[in-house]
Amino acid sequence: MPQLSFHSPLGELTVSEENGQIVSVDWGWAPGNSPTPLLKRAKTQFDQYFDGTRIGFDLPLAPAGTPFQRKVWCALEKIPYGRTTTYGALATRLKSAPRAVGAACGANPIPIIIPCHRVFGADGKLHGYSGGEGLATKAHLMRLEGFEIQTSLPL
């Protein structure tokens, strides 16, 4: 599987491709990088996102997951840049439970591009993030998108 690792403000990231589609974004550096045109395009879009000149990604995605997880990830992609929703609101829309939505967010294989960082708890606070340094990474992404994070939040 072709992969491309690069440095970002969140640390090292690795993007993986399979059959011409992005299948994962992971924290850390993968050995044996093999940059394809798609992976180079993904890196360019990440650079633009982190520079504040891109508000969305335009890449073919193929996240592996259950039908329910893919349904949640599709809903996540509809959350606009700099906006948030709650696990409960997503659960209501998907006729599910907040914990199930949270579990699907935690299993998201393509974080940042599929913006699970835009989902908050019902109390308006940051709850859970499986990538990078957890809540600190989620807060960093939301600040990057212009969202005000309360300093009293435990990060």
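In what follows, the structure referred to is the one given above.
**A closer look at the overall build of the chain**
- From N to C terminus, the chain includes 5 helices and 5 strands.
- Across the chain, helices and strands are ordered from the amino to the carboxyl terminus as β-β-β-α-α-β-α-α-β-α.
- At 15 Å, the chain has a C-alpha radius of gyration in line with the 15 Å of a compact globule built from 155 residues.
- By principal-axis analysis of the C-alpha atoms, the chain measures approximately 45 × 35 × 25 Å.
- A buried classification covers 44% of the 155 residues belonging to the chain.
- Side chains of the chain carry 15 positive and 12 negative charges; the gap between the two charge centres is 10 Å.

**Brief notes about the pattern of salt bridges**
- Scanning the model with the defined rule gives 2 salt bridges in all.
- The residue Lys43 makes a salt bridge to Asp47 at a minimum N-O spacing of 2.6 Å. Of this pair, Lys43 and Asp47 both sit in helix α1 (residues 37–51), 4 residues apart, which is roughly one turn of the helix.
- Put simply, Glu145 and Arg118 hold a salt bridge, and the shortest N to O gap is 2.9 Å. Placement of Glu145 in the segment after α5 (135–144) and of Arg118 in the loop between α4 (98–106) and β5 (119–120) is noted, with a sequence separation of 27 residues between them.

**Details of the sheet that holds strand β3 (residues 21–27)**
- Strand order across the open sheet formed by 3 strands is β1-β2-β3, with antiparallel pairing between neighbours. With one partner strand each, in any of the chains shown, β1 (3–8) and β3 form the two edges of the open sheet. Averaged over all pairs of adjacent strands, the angle between strand axes in this sheet comes to 25 degrees, irrespective of strand direction.
- Of the pairings in the sheet, the one linking strand β2 (residues 11–18) to β3 comprises 6 bridges and is antiparallel in character. Bridge assignment links Ser16 to a residue of β3, and that residue is Ser24.
- Sheet contacts for α1: β1, β2 and β3; angle to β2, the most-contacted strand, approximately 145 degrees.

What counts, and at which threshold
- Residues numbered from 1 in each chain as written.
- Predicted model: local features only at pLDDT ≥ 70, side-chain atom pairs only at ≥ 80, totals over all residues.
- Heavy atoms only, no water.
- Helix = DSSP H or I, 4+ residues; strand = E, 2+ residues; numbered from the N terminus.
- Rg over C-alpha atoms; globule rule 2.2 N^0.38 Å.
- Buried < 20%, exposed > 50% of the residue type's maximum accessible area, 1.4 Å probe, protein only.
- Lys, Arg positive; Asp, Glu negative; His and termini not counted.
- Charge placed at Lys NZ, Arg CZ, Asp CG, Glu CD.
- Salt bridge = Lys/Arg side-chain N within 4 Å of Asp/Glu carboxyl O.
- Pairing = 2+ DSSP bridges.
- Axes fitted to C-alpha atoms, helices over the stretch in contact; angles between N-to-C directions.
- Contact = heavy atoms within 4.5 Å.

Purely geometric numbers; function is a separate question.
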